[in-house]
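So you can see what is in the structure, the chains are spelled out below.
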Amino acid sequence: MTKLSTLFELPKKLRSVTDIKETQELVQLYKSASHYLEKHTNVPSFAKIERDAKNATEEIAARFKERLHANDNSDLSIEEFDALVTVLLDLDEPAEPLA
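What this report covers is the structure whose coordinates are included nearby.

Parameters and conventions
Residues numbered from 1 in each chain as written. Predicted model: local features only at pLDDT ≥ 70, side-chain atom pairs only at ≥ 80, totals over all residues. Heavy atoms only, no water. Helix = DSSP H or I, 4+ residues; strand = E, 2+ residues; numbered from the N terminus. Expected span 1.5 Å × (residues − 1). Buried < 20%, exposed > 50% of the residue type's maximum accessible area, 1.4 Å probe, protein only. Contact = heavy atoms within 4.5 Å. Core = buried A, V, L, I, M, F, W, Y, C linked by side-chain atoms within 4.5 Å.

**Examining helix α4 (residues 78–90)**
Thought 1: The terminal C-alpha atoms of α4, which comprises 13 residues, lie 18 Å apart, in line with the 18 Å expected from a rise of 1.5 Å per residue.
Thought 2: Within the span of α4, buried status applies to Ala 83, Leu 84, Val 85, Val 87 and Leu 88.
Thought 3: On its buried face, α4 is in contact with α2 (20–39) and α3 (44–68).
Thought 4: Following α4 by one or two positions, Asp 92 has its phi on the positive side, about 65°.

Here you go:
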């Protein structure tokens, strides 16, 4: 039951997360669950979870890319830079434009 409730809460959590470390954990959870969700898109609730979670990860990717390419990102620490890039790579974003 816990795994199912985690799946159902995943899109909401992805949309509301603000901490980079927590985002990394949720993205990893999404990546591990996405194969299962894609396999069961014939089940309407799983199809909706997959669609909503994918939309949320696309929003995360856009925010993180914007943060990386901001004109004034001088306050960006090495750790934050590494975390942003790691999440983007985990989301299968191409590596070259991230540099």
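**Some points on the nonpolar core**
Thought 1: If you look at the biggest cluster of nonpolar residues, it comprises 20 residues, and the most contacted ones within it are Leu 14, Ile 60, Phe 64, Leu 68, Leu 84, Val 87 and Leu 91.
Thought 2: Among the elements that make up this core, the one with the highest residue count is α3 (6 residues).
Thought 3: Leu 7, Ala 33, Leu 37 and Phe 46 belong to the second largest nonpolar core, which has 5 residues in total.

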